[in-house]
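Breakdown of the fold
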Amino acid sequence: MVEPKGKAVEPPLPATPIEAPPVRATAPTDLKTMQVRVNRAGWLEMTRLAQDRDMPLETLMVEAFNDVLTKHQKPPVVERRQPNRD
């Protein structure tokens, strides 16, 4: 079918808006990987601090990311990934 020049044909709108299903914050597609390269001294201090606080390094890093967000007046929204409980 050939459309006339100068007229754009828009598809008809649905009678009711289509709502997307809610996405959980822990949905696998919502998780992203961050990789950071640091010097050996920094890595040693961070791992020692995590050991001293009896927490995984990943938890300590999430706390650090949220501290940076808070410092810059942003909401602390970084969450640690949870184990798959299927």
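The following refers to the structure shown.

What counts and how
Residues numbered from 1 in each chain as written. Predicted model: local features only at pLDDT ≥ 70, side-chain atom pairs only at ≥ 80, totals over all residues. Heavy atoms only, no water. Helix = DSSP H or I, 4+ residues; strand = E, 2+ residues; numbered from the N terminus. Buried < 20%, exposed > 50% of the residue type's maximum accessible area, 1.4 Å probe, protein only. Contact = heavy atoms within 4.5 Å. Areas by Shrake-Rupley, 256 points an atom, 1.4 Å probe, with all protein chains shown as cover. Polar contact = N/O pair within 3.5 Å; in protein donor to acceptor, adjacent residues only side chain to side chain. Expected span 1.5 Å × (residues − 1). Patch = residues over 30% accessible without salt bridge, like charges linked within 9 Å, V, L, I, M, F, W, Y side chains within 5 Å. Salt bridge = Lys/Arg side-chain N within 4 Å of Asp/Glu carboxyl O. Axes fitted to C-alpha atoms, helices over the stretch in contact; angles between N-to-C directions. Parallel < 35°, antiparallel > 145°, perpendicular 65-115°, else oblique. Nonpolar A, V, L, I, M, F, W, Y, C, P; charged D, E, K, R; others polar.

**Some thoughts on the overall build of the protein**
For the protein, the helix and strand inventory stands at 2 helices and 0 strands. A burial count over the protein gives 8% of its 86 residues as buried. Sequence-distant contacts in the protein: of pairs separated by 6 or more residues, those separated by 24 or more amount to 15%. Here the protein displays about 8,700 Å² of accessible surface, and carbon together with sulfur accounts for 57% of that area.

**Comments concerning the side chain of Thr-47**
Mapped onto the secondary structure, Thr-47 falls in helix H1 (residues 40-52). A distance of 2.9 Å separates a polar side-chain atom of Thr-47 from the backbone oxygen of Leu-44.

**Some thoughts on H1**
In an α-helix, one full turn covers 3.6 residues, which means residues spaced three or four apart are oriented alike. Helix length check: H1 (13 residues) gives 18 Å between terminal C-alpha atoms against 18 Å at 1.5 Å per residue, within 8%. The positive-phi residue at the C-terminal boundary of H1 is Asp-54, with phi of around 55 degrees.

**Looking at a nonpolar patch on the surface**
Nonpolar side chains collect at one region of the surface, where Val-36, Val-38 and Trp-43 lie side by side and expose about 310 Å² of accessible area between them. Position of Val-38 among the secondary structure elements: in the segment before H1.

**What about the packing of H1 against helix H2 (residues 57-71)?**
Running from N to C, H1 and H2 point in directions that differ by 105 degrees, and their axes come no closer than 9 Å. With respect to their mutual orientation, H1 and H2 come out roughly perpendicular. Contacts from Trp-43, Met-46, Thr-47, Leu-49 and Ala-50 of H1 reach H2 at Leu-57, Leu-60 and Met-61. Each residue belonging to the contact of H1 with H2 can be placed in one class, and the counts come to 7 nonpolar, 1 polar and no charged.

**Some details on unusual backbone geometry**
At Asp-54, a position not held by glycine, the phi torsion is positive, near 55 degrees. With respect to the element layout, Asp-54 can be found in the loop between H1 and H2. The exposed category is assigned to Asp-54, whose relative accessible area is 72%. Residues other than glycine seldom take positive phi values, yet Gln-73 does so here, at roughly 55 degrees. Within the element layout of this structure, Gln-73 appears in the segment after H2. When its relative accessible area of 70% is taken as the criterion, Gln-73 is described as exposed.

**Details of H2**
With 15 residues, H2 should cover 21 Å at 1.5 Å per step; its first-to-last C-alpha distance of 21 Å lies within 8% of that length. Of the residues one or two after H2, Gln-73 is the one with positive phi, at around 55 degrees.

The analysis is restricted to geometry; functional conclusions fall outside its scope.
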